[in-house]
Amino acid sequence: MQRLARLFDLLAGDPQAERAVPPTGFTARLTTFTAAAMAFLAVFAMALSLATGRLADRWASELARTSTLRISAPEGQMEAQTRAALEVLRTTPGVAEARPLSADEQRALLEPWFGPDLPVEALPIPQLIEIVEDRAGYDPSGLRARLQAEVPGAVLDDHTRWREPLVEAAGRLRLLGMVSMALIAAATAAMITLAAQAALAANAQVIRVLRLVGARDTYIARAFVRRFTLRAVIGAALGTLAGIVAVLLLPRTDAAGGFLTGLGFRGWHWLWPLVIPPLAGAVAYAATRAAALRSLRAQS
Amino acid sequence: MPLTGAIASPAPFGQNGAKRNRGRPVIELDNVAYSYGGAELFAGVSLALAPGSFHFLTGPSGAGKTTLLKLCYGELTATAGQVRLFDQDARGMARDGIAMVRRRIGVVHQDCQFLDHLSVAENVALPLTVSGRSADDRDFRDLMGWVGLSAQAAQLPPELSGGERQRAALARAVIMSPEVILADEPTGNIDQEMSQKLLTLLVELNRMGKSVLIATHDLTLIRAAKAQVQARVLRLRDRRLQLAGADL
């Protein structure tokens, strides 16, 4: 509560303390620009993190509920084996739905590799059956044993072997997004620290005079801290706004869009970028205060 | 042997003087040494500034007069010995403590430094501002009138002449009604007439009960002061502080 009160005091400001430090146009604009650029990048890092989070969740849930049965059989036996496999699946507890993919669907799956107009019927490609599990799920070992006995050409793929690396990759991307945001915050802190130190060095005479007349270090620091915090908040607000507009202008998600068109915010997640300006202010406050007090200690 | 001012001086300055002489020293240096860059500037310096005392500090250039003054307001720390400011050991003081002590000591430098983006009035009021107080309008006008800067109150410091800057620095030094005034070559950059005017202001302050210590080369100033007030003259020479002879 005391810290909160101090923050409100800071935002309310001490006009007299701030007036003691002469205005510095160039460093002010530089700090505001830096905060804006970092906030803009933070919006994208946040969007990336949230999008990969959604992707990981979708892959985890969708792939966990589906599996594929692949039937490879001589041309004359394909239909019989498909029927037999569907019968086995129909009587397997935990299987909610089993559906053989049509030739068009199989062509669509192969299209990215072989291009359009692929004569699927003329090629010895296996028949695929999509299996959707119910809530309880089925026993893959038991199903494999039954299929081995009744449909010798069937191979069950429960997606485990490629679902896990995909989910792991999406998780890593999400982590990368978070690390990016942490790095942006650290870079912002470093840049504001440098700007604050430059401002303190440029105002050495002001500091000497203030000390001579009995100003405490906290009084001197407050003038710099408020100034840099406000610049960071204003810059970050502008950068966040620009970032949100840029995300809005990204192409919309569609079936063929893939991952990149899914980059953005959904629903209440649009509120997340609003934390960036106050966060930038908090980072600027901590960085400037630490830099100012350290610098004042060194100058004494 | 410590050189004491008003403590040793039997002559009071009017009614207040008698009370002042009974007070403890406001600033006390006990066997103080200061070294800079391996060279000892002075050593074995003992001094006690009693309330209401008036001292001059003379000595050749480079003898350490400015350094001695800086020790007196906590800008520098003695390399040996003890400096006591208002009965507190300066060495043990935190920076906030030093800041509080400086509110009780008014300092005037030869090269008066101001905040050039603030008006003269704001600069004069700066000690009040940093201590979170505001000036009473009438008192403030009186102060500006006393130093003869009423007409310059709204100007910026770079627009002032040397003498006006010195008087503005004096006004800033006294606005908190400090117990001690330390002045470092206050007449170094101003003409004779202005020096006399400044001295008159310092003598008036002393008569109000303030302790005054002026570091100066200006023998005319010292002689003029001794004609108006009982002042002691200390000389910093050959790394020692001595009481100056009767010629001063």
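Structural data are supplied above this passage.
Everything numeric here is computed off the predicted structure, so don't read it as measured data.

Looking at the overall build of chain B
Stage number 1. Regarding its fold elements, chain B presents nine helices and eleven strands.
Stage number 2. Within chain B, buried positions represent 55% of all 248 residues.
Stage number 3. Of all intrachain contacts in chain B linking residues separated by at least 6 positions in sequence, the fraction that spans at least 24 positions is 71%.
Stage number 4. Accessible area of chain B: about 10600 Å², with a carbon and sulfur share of 47%.

A look at the overall build of chain A
Stage number 1. A count of helices and strands for chain A gives ten helices and four strands.
Stage number 2. The secondary structure elements of chain A, listed N-terminal to C-terminal, are α-α-α-β-α-β-α-β-α-β-α-α-α-α.
Stage number 3. Approximately 16500 Å² of chain A is accessible, and the part contributed by carbon and sulfur atoms is 64%.

So, the packing of aromatic side chains
All names here are of chain A.
Stage number 1. Taken as a whole and assessed by the stated rule, the structure comprises four aromatic pairs over all chains.
Stage number 2. Judged by centre distance (5.3 Å) and plane angle (50°), the ring pair of Phe-40 and Phe-44 falls under tilted. Within this pair, Phe-40 and its partner Phe-44 are both found in helix H3 (residues 25–65), separated by four residues, close to a single helical turn.
Stage number 3. The class for Phe-40 is partly exposed, based on a relative accessible area of 30%.
Stage number 4. On the basis of relative accessibility, which here comes to 25%, the residue Phe-44 falls in the partly exposed class.
Stage number 5. Between the aromatic rings of Trp-268 and Trp-272, the centroid separation amounts to 6.2 Å while the plane-to-plane angle is 45°, which identifies the pairing as tilted.
Stage number 6. The class for Trp-268 is exposed, based on a relative accessible area of 57%.
Stage number 7. For Trp-272, a relative accessible area of 36% translates into the label partly exposed.
Stage number 8. The aromatic ring of Phe-228 is capped on one face by Arg-231, whose charged end is 4.7 Å from the ring centroid.

What to know about the nonpolar core
All names here are of chain B.
Stage number 1. In terms of nonpolar packing, the biggest core is built from 45 residues, with Phe-54, Phe-56, Val-124, Leu-170, Ile-175 and Leu-199 touching the most fellow members.
Stage number 2. Looking at this core, the element that brings in the most residues is helix H8 (residues 192–207), giving seven residues.
Stage number 3. Taken together, domain 1 (1–104 + 178–248) and domain 2 (110–177) each give at least three residues to this core, which thus spans both.
Stage number 4. Every residue in contact with Leu-170, bar those within four places of it in the chain, is listed here: Val-108, Trp-146, Ile-181, Leu-198, Leu-201, Leu-202 and Leu-205.
Stage number 5. Grouped together as the second largest cluster of nonpolar side chains are 34 residues, Val-32, Val-45, Leu-85 and Ile-105 included.

Here we look at the side chain of Thr-52 of chain A
Residue and element names in this part refer to chain A.
Stage number 1. In this fold, Thr-52 is placed in helix H3.
Stage number 2. Among the polar contacts made by the side chain of Thr-52, one reaches the main-chain carbonyl oxygen of Leu-48 at a distance of 2.7 Å.
Stage number 3. A distance of 2.9 Å separates a polar side-chain atom of Thr-52 from the backbone oxygen of Ser-49.

Quick notes on the packing of helix H9 (residues 217–248) of chain A against helix H10 (residues 276–299) of chain A
Residue and element names in this part refer to chain A.
Stage number 1. Relative orientation of the contacting elements H9 and H10 amounts to 150°, with a least axis distance of 7 Å. By the angle class used here, H9 and H10 are roughly antiparallel. Considering only the axes of H9 and H10, their crossing is right-handed. Across the interface between the two elements, Asp-217, Ile-220, Ala-221, Phe-224, Val-225, Phe-228, Thr-229, Ala-232, Val-233, Ala-236, Ala-237 and Thr-240 of H9 pack against Ile-276, Pro-277, Ala-280, Gly-281, Ala-284, Tyr-285, Thr-288, Arg-289, Ala-292, Leu-293 and Leu-296 of H10.
Stage number 2. Taken together, the residues that form the contact of H9 with H10 break down as 17 nonpolar, four polar and two charged.

Description of the environment of Ala-244 of chain B
Residues and elements named next belong to chain B.
Stage number 1. Summarising the element assignment, Ala-244 is placed in the segment after strand E11 (240–243).
Stage number 2. Along the chain, Ala-244 and Arg-232 lie twelve residues apart, while their C-alpha atoms are 8.0 Å from each other.
Stage number 3. In this structure Ala-244 touches Val-233, Leu-234 and Arg-235, once residues within four positions along its chain are discounted.

Quick notes on the interface of chain B and chain A
Stage number 1. Every contact between the two is made by 20 residues of chain B and, on the other side, 20 residues of chain A.
Stage number 2. Both sides of the chain B and chain A interface together cover about 1900 Å² of buried area, and 58% of this is carbon and sulfur.
Stage number 3. The largest share of the area that chain B buries against chain A comes from Arg-95, Gln-113 and Val-130 of chain B, three residues that together contribute 29% of it.
Stage number 4. Where chain B packs against chain A, one counts two salt bridges.
Stage number 5. Across the pair Asp-217 of chain A and Arg-95 of chain B runs a salt bridge, and its minimum N-O distance is 2.6 Å.
Stage number 6. Counting every contact that joins chain B to chain A gives seven residue pairs in polar contact (both at pLDDT 80 or more).
Stage number 7. Counting only elements with at least two residues in the side of chain B that touches chain A, the list comes to helix H3 (95–102) and helix H5 (126–130) of chain B.
Stage number 8. If you tally residues by element for the side of chain B that touches chain A, the top one is H3 of chain B, at five residues.
Stage number 9. Here the residues of the side of chain B that touches chain A are counted per class, giving ten nonpolar, four polar and six charged.

Quick look at unusual backbone geometry
Glycine aside, residues mostly have negative phi angles, and peptide bonds mostly take the trans form.
Residue and element names in this part refer to chain B.
Stage number 1. A positive phi angle, near 55°, is found at Ser-177, a position not held by glycine.
Stage number 2. Turning to its location among the elements, Ser-177 is positioned in the loop between helix H7 (162–174) and strand E8 (180–184).
Stage number 3. The backbone of Asp-238 shows a phi angle near 50°, a positive value even though the residue is not glycine.
Stage number 4. Mapping Asp-238 onto the fold places it in the loop between strand E10 (232–237) and E11.

Brief notes about the sheet that holds strand E3 (residues 127–133) of chain A
All names here are of chain A.
Stage number 1. Ordered in space as E2-E3-E1-E4, the four strands form an open sheet in which the pairing is antiparallel. Looking at which strands have only one partner, the edges of the open sheet turn out to be strand E2 (95–100) and strand E4 (154–157). Direction aside, neighbouring strands of the sheet carry axes that sit 20° apart on average.
Stage number 2. Pairing of strand E1 (residues 66–71) with E3 involves six bridges; the strand directions are antiparallel. If you follow Leu-69 over to E3, its bridge partner there is Ile-129.
Stage number 3. Sitting on the sheet, helix H4 (residues 78–90) is in contact with E1, E2, E3 and E4, with an inclination near 5° to E3.

Thoughts on the pairing of strand E4 (residues 54–58) of chain B
Residue and element names in this part refer to chain B.
Stage number 1. By the criterion of burial, E4 is predominantly enclosed, with five of the five residues buried.
Stage number 2. In terms of strand pairing, E4 meets strand E9 (residues 211–215) through four bridges, oriented parallel. The residue bridging Phe-56 from the neighbouring strand is Ile-214, located in E9.
Stage number 3. Relative to E10, E4 runs parallel, the two being bridged by four bridges.

What counts as what
Residues numbered from 1 in each chain as written. Chains lettered and ligands numbered in written order. Predicted model: local features only at pLDDT ≥ 70, side-chain atom pairs only at ≥ 80, totals over all residues. Heavy atoms only, no water. Helix = DSSP H or I, 4+ residues; strand = E, 2+ residues; numbered from the N terminus. Buried < 20%, exposed > 50% of the residue type's maximum accessible area, 1.4 Å probe, protein only. Contact = heavy atoms within 4.5 Å. Areas by Shrake-Rupley, 256 points an atom, 1.4 Å probe, with all protein chains shown as cover. Phe/Tyr/Trp six-rings, centres within 6.5 Å; stacked < 30°, edge-to-face > 60°. Lys NZ or Arg CZ within 6 Å of the ring centre and 35° of its normal. Core = buried A, V, L, I, M, F, W, Y, C linked by side-chain atoms within 4.5 Å. Domains from an automatic or database assignment. Polar contact = N/O pair within 3.5 Å; in protein donor to acceptor, adjacent residues only side chain to side chain. Axes fitted to C-alpha atoms, helices over the stretch in contact; angles between N-to-C directions. Parallel < 35°, antiparallel > 145°, perpendicular 65-115°, else oblique. Left-handed = near helix turned anticlockwise from the far one by under 90°. Nonpolar A, V, L, I, M, F, W, Y, C, P; charged D, E, K, R; others polar. Buried area = accessible area lost by both parts, 1.4 Å probe. Salt bridge = Lys/Arg side-chain N within 4 Å of Asp/Glu carboxyl O. Pairing = 2+ DSSP bridges.

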